[in-house]
Amino acid sequence: MDPLEGETSSVSIEYEPVSVKDVLVEMKDTAELLIDLSYSAVLHRNADLAREVLRLEERMDVLKLRARMSLMMAVRKPADAEELAPVLGIVAAADEISDAAGDIAKIVLEEMGLPEAMRAALPEAAETLVRGVVDPDSVYADRTLQDIDLESETGVRVIALRRGDEWLLNPGPNTTVKSDDVALLRGPDPSIGDVCEELTGDVYESPSVDDPGIPDLERAVDTIIHMKNLSELAVDLAYSSVLFDSAELAEEVRNLEVEVDAMQSRFEAWTLRAAADADDPVVLRGLIRLGTSTEAISDAAIDISEGVLRDIDVHPVVQLAVQESDEIITRVEVEPGSDLDGIAVTGGVPNVESTMSVIAIRRPGEGWLLVTDADAELQGGDVLISKGTRTSAAAFEDLAQS
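Residues numbered from 1 in each chain as written. Predicted model: local features only at pLDDT ≥ 70, side-chain atom pairs only at ≥ 80, totals over all residues. Heavy atoms only, no water.

An unreviewed UniProt entry annotates the protein as Potassium channel protein of Haloterrigena gelatinilytica.

Structural data, given as structure tokens:
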């Protein structure tokens, strides 16, 4: 039986004039939320989160069809087809990410089985994602996010709202939280429980953790968590490479995909070795599905950036999407003896006069380091992936040069 049988139904989709730019932006936001939700559903073994993934996957199917219809209507001559082909690739890749996220969610819904070691990874996460239905009597009901000021008070933020079949992604300060909304919250574990209880009126139970005591299984789980983080980074960089027509960022997507492939091979070996020591090897079936789906997400990231890698001009519709955002992702290489050489990075913030936030470091000979997970000290030769404004990005690049 379908996990959502009786709750959703197929609807016919007719062509209507829509902004391709807006559809692409929504597909990007949806793909990123799908990745986040699906892994959270697995880590917490939360069937409600998993069902939200399948609902969002259906939304992605609608966006995909609308994007394809609009792109087909836009083709007038062969030159249009050449410029729009990479955009179609972006649409297809977002759908591939959606399918992979759906497969991850079904690990929970179909009770495929997961080792307790997956929960052991939870304490390492800096933030937790939860789902809750807004209680009519909640102090948050029928107020704007600006009025609630939730993030400033608690560190918890509303990353999405579902109102019936309508999704509100990246809600802003003027968004009103209404009774019976399905709210997706992300924040630090110590405070998210209180917020969830205040929002829903239900008692929040933090997941318990058991140590499996199987070294190979622990290595496999650590690897899949790292694969997840690298795949998320690859998708983020892939979209940025297209939006800013950056061959350097696209090349880093390729580097990440190679790293994830190598990690998947090690993950499969450790999982198979762990099966010999597990009381019930069948519970590893979900873990294998998770590895396959994670690798599929990194492959989709390559598909997103393919047009840039092949040096095909960015279509104007993508350039329009760029003009609406002042925040960019950049790649800079730290030159030995520069102002960044030897600088400490704490929680992504480098100890220099800059508002740029470092997301990841690729260190030659050592691989990738996600600095949101650990502090680091920059070295000459490091390749930094950073996020910030255009103005701060230019100043940050100057700091990296000797």
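S.K.: What should I look at first to understand the overall build of the protein in this one?
M.R.: Looking only at helices and strands, the protein has 13 helices and 13 strands in total. If you take every contact in the protein between residues at least 6 apart in sequence, the share linking residues at least 24 apart comes to 79%. Here the protein has roughly 18,900 Å² of accessible surface; of this, 46% comes from carbon and sulfur atoms. (Helix = DSSP H or I, 4+ residues; strand = E, 2+ residues; numbered from the N terminus. Contact = heavy atoms within 4.5 Å. Areas by Shrake-Rupley, 256 points an atom, 1.4 Å probe, with all protein chains shown as cover.)

S.K.: Would you mind showing me how to read helix H1 (residues 20-44) here?
M.R.: Given 3.6 residues to a turn, an α-helix orients residues that are three or four positions apart in the same direction. Taking 1.5 Å per residue as the helical rise, H1 with its 25 residues ought to reach 36 Å, and the 36 Å between its terminal C-alpha atoms agrees with that figure. Here H1 lies mainly inside the structure; 21 of its 25 residues are buried. Following H1 by one or two positions, Arg-45 adopts a phi angle in the positive range, close to 50 degrees. (Expected span 1.5 Å × (residues − 1). Buried < 20%, exposed > 50% of the residue type's maximum accessible area, 1.4 Å probe, protein only.)

S.K.: Which parts of the structure should I look at to understand the packing of aromatic side chains?
M.R.: Enumeration over the complete set of coordinates arrives at zero aromatic pairs. One Lys or Arg, Lys-28, reaches over the ring of Tyr-239 and ends 5.8 Å from the middle of that ring. Note that Lys-228 overlies the ring of Tyr-39, its terminal NZ or CZ placed 5.6 Å from the centroid. (Phe/Tyr/Trp six-rings, centres within 6.5 Å; stacked < 30°, edge-to-face > 60°. Lys NZ or Arg CZ within 6 Å of the ring centre and 35° of its normal.)

S.K.: Just to check I follow, could you spell out a negative patch on the surface for this structure?
M.R.: Together, Glu-58, Asp-61, Glu-96, Asp-99, Asp-103, Glu-110 and Asp-165 make up a negatively charged patch on the protein surface. Taken together, the elements giving at least two residues each to the negative patch come down to helix H2 (47-74) and helix H3 (78-109). Take the negative patch: its biggest share by element is three residues, from H3. (Patch = residues over 30% accessible without salt bridge, like charges linked within 9 Å, V, L, I, M, F, W, Y side chains within 5 Å. Salt bridge = Lys/Arg side-chain N within 4 Å of Asp/Glu carboxyl O. Lys, Arg positive; Asp, Glu negative; His and termini not counted. Charge placed at Lys NZ, Arg CZ, Asp CG, Glu CD.)

S.K.: Looking at this structure, how should I read the nonpolar core?
M.R.: A general trend in soluble globular proteins is that nonpolar side chains are found buried together. Core analysis: the biggest nonpolar cluster contains 78 residues, and Leu-33, Leu-233, Leu-287 and Ile-385 have the highest contact counts within it. Apart from the residues within four sequence positions on either side, Ile-385 is in contact with Leu-233, Leu-237, Leu-249, Glu-252, Ile-329, Thr-330, Arg-331, Ser-357, Val-358, Ile-359, Ala-360 and Trp-368. Listed in part, the 18 residues of the second largest apolar core include Val-177, Leu-185, Ile-192 and Cys-196. (Core = buried A, V, L, I, M, F, W, Y, C linked by side-chain atoms within 4.5 Å.)

S.K.: Teacher, can you tell me more about the pattern of salt bridges here?
M.R.: Note on pairing: side chains with opposite charge can pair once their charged atoms come close. Counted under the stated rule, the structure contains 19 salt bridges. Here Glu-26 ties to Arg-59 by a salt bridge, and the two come within 3.0 Å at their closest N and O atoms. Here Glu-26 is found in helix H1, whereas its partner Arg-59 is found in helix H2, with 33 residues between them in sequence. On the basis of relative accessibility, which here comes to 24%, the residue Arg-59 falls in the partly exposed class. Of the charged contacts, one joins Lys-28 and Glu-32 as a salt bridge, the two residues approaching to 3.1 Å between their closest N and O atoms. Taken as a pair, Lys-28 and Glu-32 lie in helix H1 at a separation of four residues, close to a single helical turn. For Lys-28, a relative accessible area of 18% corresponds to the buried category.

S.K.: Please clarify how the confidence of the model for the protein should be interpreted in this entry.
M.R.: Atomic detail in the predicted coordinates should be set aside for any region of low pLDDT. Chain-level pLDDT for the protein is 82 on average; 84% of the residues reach the 70-or-more range. Within the model, the stretch residues 5-9 combines pLDDT values under 50 with two contacts to residues more than four positions away or in other chains. (pLDDT = per-residue confidence, 0-100.)

S.K.: Looking at this model, I keep getting lost on the environment of Asp-236. Mind explaining?
M.R.: With respect to the secondary-structure elements, Asp-236 resides in helix H8 (residues 215-243). Residues in contact with Asp-236, not counting those within four places in the same chain, are Glu-32, Ile-329 and Lys-387.

S.K.: Can you walk me through the sheet that holds strand E3 (residues 157-163) in this structure?
M.R.: One key point about sheets: their strands pair by backbone hydrogen bonds, in either a parallel or an antiparallel sense. Read across the sheet, four strands follow the order E1-E6-E3-E4 without closing on themselves; strand pairing throughout is antiparallel. For this open sheet the edge positions go to strand E1 (128-133) and strand E4 (166-169), each flanked by a neighbour on one side alone. Ignoring which end each strand starts from, the neighbouring axes of this sheet average 20 degrees apart. Here E3 runs beside strand E6 (residues 182-187); their pairing, made up of five bridges, is antiparallel. By the bridge assignment, Leu-161 is partnered in E6 with Ala-183. (Pairing = 2+ DSSP bridges. Axes fitted to C-alpha atoms, helices over the stretch in contact; angles between N-to-C directions.)

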